[in-house]
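Secondary and tertiary structure notes
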Amino acid sequence: MFSEQVIACHHCDLLMAPPHVKEGECALCPRCKHKITRLHHSNINQLLSYAATGLIILFVTTQFNLMTFNLGGNVSQIDLWQSAINMYFDDYKVLAVLVLFFIFILPALILILIVAFILSIKTGIGCWAQTSILRLTFVMMPWAMVEVFLVGILVSLVKLVTIAQMDLGWSFWAYAVFCFCYAKVLTLVDRYQFWHWIDEAHR
Ligand SMILES: [Zn+2]
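Residues numbered from 1 in each chain as written. Predicted model: local features only at pLDDT ≥ 70, side-chain atom pairs only at ≥ 80, totals over all residues. Heavy atoms only, no water.

**Quick look at the pattern of salt bridges**
Cut-off, in case you're wondering: Salt bridges, as used here, are contacts in which a Lys or Arg side-chain nitrogen is within 4 Å of a carboxyl oxygen on Asp or Glu.
This structure, assessed with the given rule, holds 1 salt bridge. When the shortest N-O distance is used, the salt bridge between Lys93 and Asp91 registers 3.4 Å.

Written as structure tokens, this is what we have:
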């Protein structure tokens, strides 16, 4: 039906010719004004930096305490794993698995896949897997809920601070930095650019 290559807007499905943008320019959908792509040649390096930093910081979150409670002299500490493990042993087994999956495992997998994809684009190693990696990444991205967990901690902190002395641990601050890195990765992910990089790599 179409003799030339066309792309679809992810918001309204309008089919259009691939945009020709220059450095710093942004292409918008002519119908719904959804961003199609913003061309920055440094995107690939920034994306790699934020994704790799996010993975390192996510590992750091597992090495320290998340919170310390002091209730009438009884001090207890909780770390990231315990927040899920405690739920598991309190008969919220499914919830514990889901929490761990959506706040830790899934975001980690997404960042690993993005790092693997960029390294594959840069080095040319594993070209055959680039399309599969990208499709899997885009399927998983809507399901990560790192910011929901951070907001949940802050809400529970506001509730509990009236009955106990609460101190935030290094793990909380590391997770906050991880959320920032993850949010930067999401803003830098550009579907059009990703597929364009694959086209260039296979030429
Ligand atoms: Zn549109």
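**With respect to the domain arrangement of the chain**
Worth spelling out the cut-off: Note that the domain bounds were set by an automatic or database domain assignment. The contact criterion used is simple: two residues touch if any of their non-hydrogen atoms lie within 4.5 Å. Two parts placed together each lose some accessible area under a 1.4 Å probe, and the buried area is that loss summed for both. Polar contact criterion, stated in full: a pair of N or O atoms within 3.5 Å, where within protein one must be able to donate a hydrogen and the other to accept it, and residues adjacent in sequence count only if both atoms are side-chain atoms. Strands here are runs of E lasting at least two residues and helices are runs of H or I lasting at least four, both read from the DSSP assignment and numbered beginning at the N terminus.
Split into domains, the chain comes out as domain 1 (1-39) and domain 2 (42-202). Taking only C-alpha atoms, the centre of domain 1 and the centre of domain 2 are 30 Å apart. Facing 10 residues of domain 1, the contacting portion of domain 2 comprises 7 residues. Surface buried jointly by domain 1 and domain 2 totals about 630 Å² across both partners, of which 43% is contributed by carbon and sulfur atoms. If you look at where domain 1 meets domain 2, you find 3 residue pairs in polar contact (both at pLDDT 80 or more). Looking at the side of domain 1 that touches domain 2, the element that brings in the most residues is strand 4 (residues 35-38), giving 4 residues.

**Structural notes on the sheet that holds strand 7 (residues 165-168)**
As a reminder of what qualifies: Any two strands with at least two DSSP-identified bridges between them are counted as paired. Every axis corresponds to a line fitted to the C-alpha atoms, with the helix fit spanning only the stretch in contact, and the corresponding angles, defined between N-to-C directions, vary from 0 to 180 degrees.
Strand order in the open sheet formed by 3 strands is 6-5-7, with antiparallel pairing between adjacent strands. With partners counted over all chains shown, the strands left at the sheet margins are strand 6 (74-79) and strand 7, one partner each. Going from strand to strand, the sheet's axes swing by 15° on average, the running direction of each strand aside. Examined bridge by bridge, strand 5 (residues 65-71) and strand 6 share 6 bridges and lie antiparallel to one another. Its bridge partner lying in strand 6, Asn70 is registered against Val75. Its contacts with the sheet place helix 2 (residues 80-89) against strand 5 and strand 6, and it is angled at close to 100° to strand 6.

**Re the coordination of the zinc ion**
The criterion, for reference: Metal donors: N, O and S atoms at distances within 2.8 Å, or within 3.2 Å for Na, K and Ca, with water omitted from the atom set so that some sites may seem incomplete. Square planar and octahedral sites, with four and six donors, are those where opposite donors lie more than 155 degrees apart and all other angles lie between 65 and 115, tetrahedral sites have four donors with every angle between 85 and 135 degrees, and the rest are irregular. Whether a residue is buried, partly exposed or exposed follows from its accessible area with a 1.4 Å probe, protein chains only, as a fraction of its type maximum: under 20%, in between, or over 50%, in that order.
At 2.2 to 2.3 Å from the zinc ion lie its protein donor atoms, namely Cys9 (SG), Cys12 (SG), Cys29 (SG) and Cys32 (SG). Seen from the zinc ion, its 4 donor atoms lie at angles of 106 to 114°, and the figure they make is tetrahedral. Binding-site remark: the zinc ion is held by donors from one chain whose sequence spacing is C-x2-C-x16-C-x2-C. By relative accessible area, which is 1% here, Cys29 ends up buried.

**A look at a nonpolar patch on the surface**
Rules: Exposure above 30% relative accessible area and the lack of any salt bridge qualify a residue for a patch; like charges then connect within 9 Å, and the nonpolar side chains Val, Leu, Ile, Met, Phe, Trp and Tyr within 5 Å. For accessible areas, the Shrake-Rupley method is used with a probe of radius 1.4 Å. Any residue's cover is judged against the shown protein chains and nothing else.
A surface patch of nonpolar side chains, about 500 Å² in accessible area, is lined by Trp81, Ile85, Tyr88, Phe89 and Val97. At 4 residues, the largest contribution of residues to the nonpolar patch is made by helix 2. As for its placement among the helices and strands, Ile85 is situated in helix 2. Here Ile85 falls in the partly exposed class, since its relative accessible area comes to 40%.

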